Amino acid sequence: MEVKVEQNLINFKLDSKTRNALVGMILVGLASIGLAAFGLGHPELRHEGGHSNPAWSAYLVGVFFILGITLAGIFFTSLAHITGAHWPVTLRRISETYGLFVPVAAVLLLVLIVGAHDLYEWTHTEAVEADKLLKHKKPLLNIGFFSGMVVVLGAAWSAFGYLFYKRSVTQDSDKDVKHTQFSAKLAGGYIIFFALSFSLVSIMLVMSLTPHWFSTMFGVYCFAGAYQAGLSSFIIMAYYLKKKGFLGNLVNENHIHDLGKFLLGFTVFWAYVGFSQFMLIWYAAIPEETFFYEQRLTGGWEYLTLALPAIKFAVPFLLLLNRPNKRDIDFLVKVALWVIFTQATEIFWLVYPANFVDFSFGGYLVSLGSVVGVIGLFGLVVLKRLEKAPLIPVGDPRLEEALHHHQ
């Protein structure tokens, strides 16, 4: 049975005020990188003979932040399909559109190659030749592999994102259930590929900043934070669309409640993985592992290290425990914005201490500015793409159940 939906609720048009705000955010990002390049946030270097420009560290913070949110969108789409759940249907077009940003994210990643010499110790030939461990890791830690990884993974992620979106939009017209069946199969492949590929890209982009350190939990640790931020971005997008007069009751307080529960769950999951990684390294007390935390417990970094569990776990956890809070989108969006801020802060904490001895407030500001810039670019691309198709998958066979979702 065909479900009738009011067209004014699902035919989105980006208004000029929002577009100008997003362009302004992009300019903030560019200005922040420029300020970092020309003097703001230059603390003492950790390594001699390189790693001299914090603009690239700020840029890496922004790129890794937006890459995580982009891939979280495709992951959410995959979960919705592989589980056959009906409640995410009216939210799914938002996450499907995230996947169309992947080619832009891949280009942003490729730009990192230009600044690799400022970021990564393993790009310095003299450092590699003088270090037995870096020589051992050379087959993985080299510019050729880095570049190939970005091209191959960018193409694969783009293909997954495009296929999910294309099948869903095509189903809007023909209402054929075969698209749902295809997407369910595709979802299984993406989830496996995503687990492996995101772990690899986390190692190459962030862990290799400190090439002597390793943690077998680092990939899942980065995923937990990225998906926590991704869920927050869905809440923000739903809030924006509803406040602009779209979606109406197609996304009701029960859908918002489920997003809130999901966000609570991944807030706990992030804390669990983060604590487990720290506890195992602390208990073993092996110098090859403990120096990662030692870098972040000196030079002023200790204050941020001690603050992270409170701001990224305790605050959202306590605010999300209450059921009414998770059903009130006006309240939930404030928690989501806070999580976005803490995710940017955490990535700064992961990136900067690898190359800089002392905490730099200027470096922190330009990193946040870089994140603002990529959010502006992401928002502009995603919202322009949302103009091209209905805001919900009107041909999905589970749409009727989604519209009458209740708890």
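Scroll up a little and you will see the structure.
All values reported here derive from a predicted model rather than from experimental measurement.

Asker: Would you mind going over the overall build of the chain with me for this structure?
Answerer: Within the chain one finds 18 helices and zero strands. Within the chain, buried positions represent 56% of all 407 residues. For the chain, long-range pairs separated by at least 24 residues make up 84% of all intrachain contacts whose partners lie at least 6 apart in sequence. Element-wise, carbon and sulfur atoms account for 68% of the exposed surface of the chain, whose accessible area totals about 16700 Å². Put simply, the chain has 30 plus and 28 minus side-chain charges, and the middle of one group is 9 Å from the middle of the other.

Asker: How do you make sense of helix H14 (residues 301-320) when you look at a structure like this?
Answerer: Along an α-helix, a turn takes 3.6 residues, which lines up residues three or four apart on a common side. With 20 residues, H14 ought to run about 28 Å at 1.5 Å a step, and its terminal C-alpha atoms sit 28 Å apart, in line with that. A maximum bend of about 35° is found in H14 at Ala307, where proline Pro309 lies one to four positions downstream. When H14 is considered as a whole, its buried residues turn out to be Trp301, Leu304, Thr305, Leu308, Ile311, Lys312, Pro316 and Leu320. Packed against the buried residues of H14 are helix H11 (218-243), helix H12 (253-284), helix H13 (287-295), helix H15 (323-327) and helix H16 (329-351).

Asker: How do you make sense of the packing of H14 against H16 when you look at a structure like this?
Answerer: With their axes 10 Å apart at the nearest point, H14 and H16 run at an angle of 155° to one another. Judged by the inter-axis angle, H14 sits roughly antiparallel to H16. The hand of the H14/H16 crossing is left-handed. Contacts between H14 and H16 involve Trp301, Leu304, Thr305, Leu308, Ile311, Lys312, Val315, Pro316, Leu319 and Leu320 on the former and, on the latter, Phe331, Leu332, Val335, Trp338, Val339, Thr342, Gln343, Thr345, Glu346, Phe348 and Trp349. Of the residues in the contact of H14 with H16, the class split is 15 nonpolar, four polar and two charged.

Asker: Explain a nonpolar patch on the surface to me, please; I cannot follow it from the model alone.
Answerer: A cluster of nonpolar side chains, namely Phe275, Phe278, Met279, Leu280, Trp282 and Tyr283, defines an oily patch on the protein surface of about 710 Å² accessible area. Structurally, Met279 can be placed in helix H12.

Asker: Looking at this structure, I do not really get the side chain of Thr342. What am I missing?
Answerer: One can find Thr342 in helix H16. Residue contacts for Thr342: discarding those within four places in its chain leaves Ile311 and Lys312.

Asker: Before we go on, may I ask you to explain the packing of helix H3 (residues 54-83) against helix H4 (residues 89-98) in this structure?
Answerer: Axis angle and axis distance: for two packed helices, these are the angle between their axes and the distance between the axes, and together they describe the pair. Orientation of H3 relative to H4, taken along the N-to-C sense of each, is 135°, at an axis distance of 7 Å. If you check the angle between H3 and H4, you find them oblique. In this structure, H3 meets H4 at a crossing whose hand is left-handed. Within the contact between the two elements, H3 uses Ile69, Thr70, Gly73, Ile74, Phe76, Thr77, Ala80 and His81 and H4 uses Arg92, Ser95, Glu96 and Tyr98. Broken down by class, the residue content of the contact of H3 with H4 amounts to five nonpolar, five polar and two charged.

Asker: Looking at this structure, I do not really get the pattern of salt bridges. What am I missing?
Answerer: Between side chains of opposite charge, pairing is possible as soon as their charged atoms come close. Under the defined criterion, the tally for this structure stands at 13 salt bridges. The salt bridge partner of Lys13 is Glu387, with a shortest N-O separation of 3.9 Å. Residue Lys13 is found in the loop between helix H1 (7-10) and helix H2 (16-37), and its partner Glu387 is found in the loop between helix H17 (361-386) and helix H18 (399-403); the two are separated by 374 residues along the sequence. Residue class for Lys13 comes out exposed when judged on its relative accessible area of 59%. A salt bridge links Glu96 to Arg93, with the nearest nitrogen and oxygen atoms 2.8 Å apart. Pair noted here: Glu96 and Arg93 are both in helix H4, with a separation of three residues, about one helical turn. On the basis of relative accessibility, which here comes to 1%, the residue Arg93 falls in the buried class. Beyond isolated ion pairs, a larger network of salt bridges with shared partners links Arg92, Arg93, Glu96, Asp172, Asp396 and Arg398.

Thresholds, definitions, all that
Residues numbered from 1 in each chain as written. Predicted model: local features only at pLDDT ≥ 70, side-chain atom pairs only at ≥ 80, totals over all residues. Heavy atoms only, no water. Helix = DSSP H or I, 4+ residues; strand = E, 2+ residues; numbered from the N terminus. Buried < 20%, exposed > 50% of the residue type's maximum accessible area, 1.4 Å probe, protein only. Contact = heavy atoms within 4.5 Å. Areas by Shrake-Rupley, 256 points an atom, 1.4 Å probe, with all protein chains shown as cover. Lys, Arg positive; Asp, Glu negative; His and termini not counted. Charge placed at Lys NZ, Arg CZ, Asp CG, Glu CD. Expected span 1.5 Å × (residues − 1). Bend = angle between axes of the 7 residues up to and from the residue. Axes fitted to C-alpha atoms, helices over the stretch in contact; angles between N-to-C directions. Parallel < 35°, antiparallel > 145°, perpendicular 65-115°, else oblique. Left-handed = near helix turned anticlockwise from the far one by under 90°. Nonpolar A, V, L, I, M, F, W, Y, C, P; charged D, E, K, R; others polar. Patch = residues over 30% accessible without salt bridge, like charges linked within 9 Å, V, L, I, M, F, W, Y side chains within 5 Å. Salt bridge = Lys/Arg side-chain N within 4 Å of Asp/Glu carboxyl O.

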